[in-house]
Amino acid sequence: MDSELDSDTADGAKPDKQKTRRGSESASGPADLPPPELALLDAADDTDPATSSAEDDDEALLPELAEEAPEETTGPAGQSRLAVGHAAIERAVRLAPVSPGVYRMLNAVSDVLYVGKAKNVRKRLTAYARVNAPQPARILRMIAATVTVEIISTATETEALLLEANLIKQLRPRFNVQLRDDKSFPYILITGDHWAPQILKHRGAQSRPGRYFGPFASAGAVNRTITALQRAFLVRSCTDAFFESRTRPCLLYQIRRCSGPCTGEIDFPGYTELVREASDFLSGRSRSVKEELAHEMEKASAELEFETAALYRDRLAALSAIQSQQGINPRTVEEADVFAIHQEGGYSCVEVFFFRTGQNWGNRAYFPRAEKSFTPEEVLASFLAQFYDDKPPPKLILLSHKIEESELLADALSIKAGFKVEVSTPQRGEKKELIGHALTNAREALGRKLADTATQSRLLDGMAATLGLPRPPKRIEVYDNSHIQGTNAVGAMIVAGPDGFIKNQYRKFNIKSEGLTPGDDYAMMREVLQRRFKRLLTPANEDDAAKRKADDDSFPQWPDLVVIDGGRGQLNAVREIFEEMGLGQVWLLAVAKGPDRDAGRETLFMPDREAIKLEPRDPVLYFIQRLRDEAHRFVIGSHRKLRKKDLREAGLQEIPGIGPSRKRALLHHFGTLKEIERASIADLGKVPGVSAESARKIFEFFHARPD
């Protein structure tokens, strides 16, 4: 959001990298193509720390439908805007190459309106320049807004396709189909740089030695699979540092989710065999693995080794659980991505299924932004090029609709992947059934999203009526602070709008002010709000100013309503801050907790108005409670992360009454600070030299509740 924000986080969402500056090439001529830790019971922590990222499994948001442009107005010298646009394109035609390339249409303030590619750039631009040629209304609006055209030449049409997709993702032009919520997919990694390989979730560059299996559609799918694989194959998930520090098996060994290689509970050949079985299962040889386990179970049973037979039985059950969670598993499709598109109410939904090694590794719905005039084929074609811009394609891509440039897309993806990629629209057989299943999911996903959006719209309308606002708020920002006696103070902002919580807009603020009185909530809120609105009021540069500009299709950067947790005192303090900054256009709302902090008995305060009390079952009150609770959840999580970081850096030095001897005893007993933090008071009291009172102090130090 701004450079002063500390560790901008959004529950995993990445900051927008939209760029709106002009490129280096103009219509004066073409340019050359530029060179293209351990979680005992929660597998969600089994992430490679070198590449971990915040999770982002929240559903995608529906885009706002693009508004129609106003009626044509006159341009310079009395000319119509459409004539000005035709003239600008005509000038570009004279210098355009007859070879492949990518062109960008820009408006008067150098915003990129459209990015296109062509086998013959001059011929394509000539089609736009024809004054009397029939064109869709969308194209006419684009031409009317164009004042200059920039061109980049490419060696081949496939290079043009790849460059076009890259530029669309970077520049996000309003007249192109835009792939939103484009996130990296998680993989399962079985490491290869330790004698006892580890299984974990991995995101990002595949630079660590080992075998990668994926992609999976969501972090939840990976976490469920890893948990089941641990039960089936007993492969460790702890970090190497934790592994090396163990003197006794951890809890995962006790609950049969690890074979305990760290303390020699299993020998090297035995562990290697478990890792091989896990790799074989993930590689698609699940039937042979299950047959081996069934044979060993029967053998152990015949030899009256019933405990061993029960272990194999449980492992088989875990493998069956994985496959049942995967739903459909194709018989004839080994590796493929399946795309199906459904359009309704002016919106598009693209459902994607991932099949690898004959297994279904999850699905995900996308809601790309596209004007109503785009056909399903046009949306799907542009979506695919952008989708694979930063992802490895499989050998087979199955589509619900036949796209015009399927062969060109296949060639481009083949060059990128280094092997032949087939793009197909099946008409019969199992592949057709997969498409049908994906289409059903796309239709249902869009229906659910439209229903959720309608409900959210009604809540915003109700909020406007209840609070006496002139219109429903389009962007709501909720602020909260968290600290423990003034330490590790952090502020946070969550954002909500017509589509619900906008998690990629969430921000946290590490409180930096020197001389701040510990626990001064007013001063902390002042710092947070000043840092939030400072750059909105005074952008640092032209790039920043361009990003702040609200196009007709963008989520607004300015809030309509600011909500804070507190009563009349907090409201007046924030109002004073806003008056100092000249922020009179933002509505303010303070939400005071009810007696005994009971939910449903809150009091709402607004400037120059009587306090508002709503019925406990009022949907608007419930909505406001959700906003406040989400802000509280996010700020508490941010505070705990900051505090844990400080604790790990300071070790046990800051715990009262814990000297070097007790520190050594604790570390020797538990192995790591993380395990000390997780220990109960009873477990802490078992450490030699640690009394019951000391155990209580240690436990309370790690579990103190932040304000």
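Residues numbered from 1 in each chain as written. Predicted model: local features only at pLDDT ≥ 70, side-chain atom pairs only at ≥ 80, totals over all residues. Heavy atoms only, no water.

Caption draft 1: Summary view of the overall build of the protein chain. Regarding its fold elements, the protein chain presents 21 helices and 19 strands. Classification of the 707 residues of the protein chain by burial places 52% in the buried group. (Helix = DSSP H or I, 4+ residues; strand = E, 2+ residues; numbered from the N terminus. Buried < 20%, exposed > 50% of the residue type's maximum accessible area, 1.4 Å probe, protein only.)

Caption draft 2: Representation of the pattern of salt bridges. For the coordinates displayed, the defined rule picks out 23 salt bridges. For Glu371, the salt bridge goes to Arg141, with nearest N and O atoms at 2.8 Å. With a gap of 230 residues between them, Glu371 in the loop between strand 9 (359–366) and helix 11 (376–387) and Arg141 in helix 3 (residues 137–145) connect regions that are remote in the sequence. Assigned by exposure class, Glu371 and Arg141 land together as buried. Each of the salt bridges in this network shares a partner with another, and the network as a whole consists of Asp193, Arg208, Arg236 and Asp240. (Salt bridge = Lys/Arg side-chain N within 4 Å of Asp/Glu carboxyl O.)

Caption draft 3: Structural context of the packing of helix 4 (residues 157–171) against helix 11. Across the interface, helix 4 lies against helix 11 with an axial gap of 8 Å and an inter-helix angle of 85°. With respect to each other, helix 4 and helix 11 are oriented roughly perpendicular. The residues of helix 11 that touch helix 4, namely those facing Leu161, Ala165, Ile168 and Lys169, are Ser382, Ala385 and Gln386. In terms of residue class, the contact of helix 4 with helix 11 is built from four nonpolar, two polar and one charged. (Axes fitted to C-alpha atoms, helices over the stretch in contact; angles between N-to-C directions. Parallel < 35°, antiparallel > 145°, perpendicular 65-115°, else oblique. Contact = heavy atoms within 4.5 Å. Nonpolar A, V, L, I, M, F, W, Y, C, P; charged D, E, K, R; others polar.)

Caption draft 4: Region of interest: the packing of helix 4 against helix 12 (residues 406–417). With their axes 9 Å apart at the nearest point, helix 4 and helix 12 run at an angle of 80° to one another. The orientation of helix 4 with respect to helix 12, classified from their angle, is roughly perpendicular. Note on element contacts: helix 12 touches helix 4 through Leu408, Leu409, Asp411, Ala412 and Ile415, opposite Glu157, Thr158, Leu161 and Leu162. Residues of the contact of helix 4 with helix 12, tallied by class, amount to six nonpolar, one polar and two charged.

Caption draft 5: Molecular detail of the confidence of the model for the protein chain. Of all residues in the protein chain, 76% have pLDDT values of 70 or greater, and the mean over the chain is 77. The weakest mean pLDDT in the protein chain belongs to helix 15 (residues 542–548) at 47; the strongest belongs to strand 10 (residues 396–399) at 93. Low pLDDT, under 50, characterises residues 540–553; the predicted model gives this stretch 23 contacts beyond four residues in sequence or across chains. (pLDDT = per-residue confidence, 0-100.)

Caption draft 6: How the structure looks around the nonpolar core. Core analysis: the largest hydrophobic core is formed by 32 residues, its most contacted members being Ile188, Ile190, Leu229, Phe233, Val235 and Leu282. At the level of secondary structure, the elements contributing two or more residues to this core comprise strand 4 (187–191), helix 5 (219–233), helix 6 (240–245), helix 8 (268–282), helix 9 (286–302) and helix 10 (306–325). Not counting residues up to four positions away in its chain, the partners in contact with Ile190 are Pro197, Gln198, Ile199, Gly210, Arg211, Phe213, Val275, Ala278, Ser279 and Leu282. (Core = buried A, V, L, I, M, F, W, Y, C linked by side-chain atoms within 4.5 Å.)

Caption draft 7: Here's a closer look at the environment of Lys201. Within the secondary structure layout, Lys201 lies in strand 5 (residues 199–202). A residue is classified by how much of its surface remains accessible, and Lys201, at 1% relative accessible area, is buried. Polar contacts involving the side chain of Lys201 include one to the side chain of Asn223, which spans 3.3 Å. (Polar contact = N/O pair within 3.5 Å; in protein donor to acceptor, adjacent residues only side chain to side chain.)

Caption draft 8: Examining the environment of Gln206 more closely. As for its position among the elements, Gln206 is in the loop between strand 5 and strand 6 (210–213). Here the alpha-carbon distance between Gln206 and Tyr187, two residues 19 residues apart in the chain, equals 9.4 Å. Once residues lying within four places of it in the same chain are set aside, the contact partners of Gln206 are Tyr187 and Tyr212.

Caption draft 9: Representation of the pairing of strand 10. Residue alternation in strand 10 divides its side chains into two sets, Leu396 and Leu398 and Ile397 and Leu399, and both sets are buried. For strand 7 (residues 336–344) and strand 10, the ladder comprises three bridges, and the chain directions are parallel. Looking at strand 10, one finds that Phe339 is bridged to Leu399. Inspection of the sheet shows strand 10 paired to strand 11 (residues 422–424) by three bridges, in the parallel sense. The partner of Ile397 across the bridge, within strand 11, is Val423. (Pairing = 2+ DSSP bridges.)

Caption draft 10: Spotlight on the packing of aromatic side chains. As enumerated under the stated definition, the model contains 18 aromatic pairs in all. Between Phe185 and Phe387 the ring centres are 5.9 Å apart and the planes differ by 50°, which places this aromatic pair in the tilted class. Placement of the pair is Phe185 in the loop between helix 4 and strand 4 and Phe387 in helix 11, with a sequence separation of 202 residues. Grouping residues by exposure puts Phe185 and Phe387 together as buried. Through a chain of ring-to-ring contacts, the aromatic side chains of Phe185, Phe339, Phe354, Tyr366, Phe383, Phe387 and Tyr388 assemble into a single cluster. Here the guanidinium or amino end of Arg138 rests over the ring plane of Phe374, the centre of that ring lying 3.9 Å away. When the ring centre of Phe387 is taken as origin, the NZ or CZ atom of Lys391, which lies over that ring, is 4.7 Å away. (Phe/Tyr/Trp six-rings, centres within 6.5 Å; stacked < 30°, edge-to-face > 60°. Lys NZ or Arg CZ within 6 Å of the ring centre and 35° of its normal.)

Caption draft 11: Region of interest: the sheet that holds strand 4. In spatial order, the strands read 5-4-6; together these three strands make up an open sheet with antiparallel pairing. One side of each edge strand has no neighbouring strand; the edge strands of this open sheet are strand 5 and strand 6. Across this sheet, the average inter-strand angle for adjacent strands is 30°, counted without regard to direction. Across four bridges, the pairing between strand 4 and strand 6 is antiparallel. Looking at the pairing, Ile190 lines up with Arg211 of strand 6. Relative to the sheet, helix 8 contacts strand 4 and strand 6, its axis offset from that of strand 4 by approximately 150°.

Caption draft 12: Representation of the sheet that holds strand 2 (residues 112–118). Pairing within the open sheet is antiparallel, and its three strands lie in the order 2-1-3. A single partner strand is all that each edge strand has here, and the edge strands are strand 2 and strand 3 (148–153). The average undirected angle you get between the axes of adjacent strands in this sheet is 20°. Sheet topology note: the strand 1 (residues 101–106)/strand 2 ladder contains six bridges and is antiparallel. Looking at strand 2, one finds that Gly101 is bridged to Ala118. Strands in contact with helix 4 are strand 1, strand 2 and strand 3; relative to strand 2, the strand with the most contacts, it is inclined by about 170°.

Caption draft 13: Local environment of the pairing of strand 9. When you tally the buried positions in strand 9, you get seven out of eight residues, the bulk of the element. Where strand 8 (residues 347–356) and strand 9 come together, six bridges link them in antiparallel fashion. Note on strand 9: the bridge partner recorded for Arg356 is Gln359. Taken together, strand 8 and the strand that follows it, strand 9, pair antiparallel across an intervening segment of two residues, in which Thr357 is found at a positive phi of about 50°.

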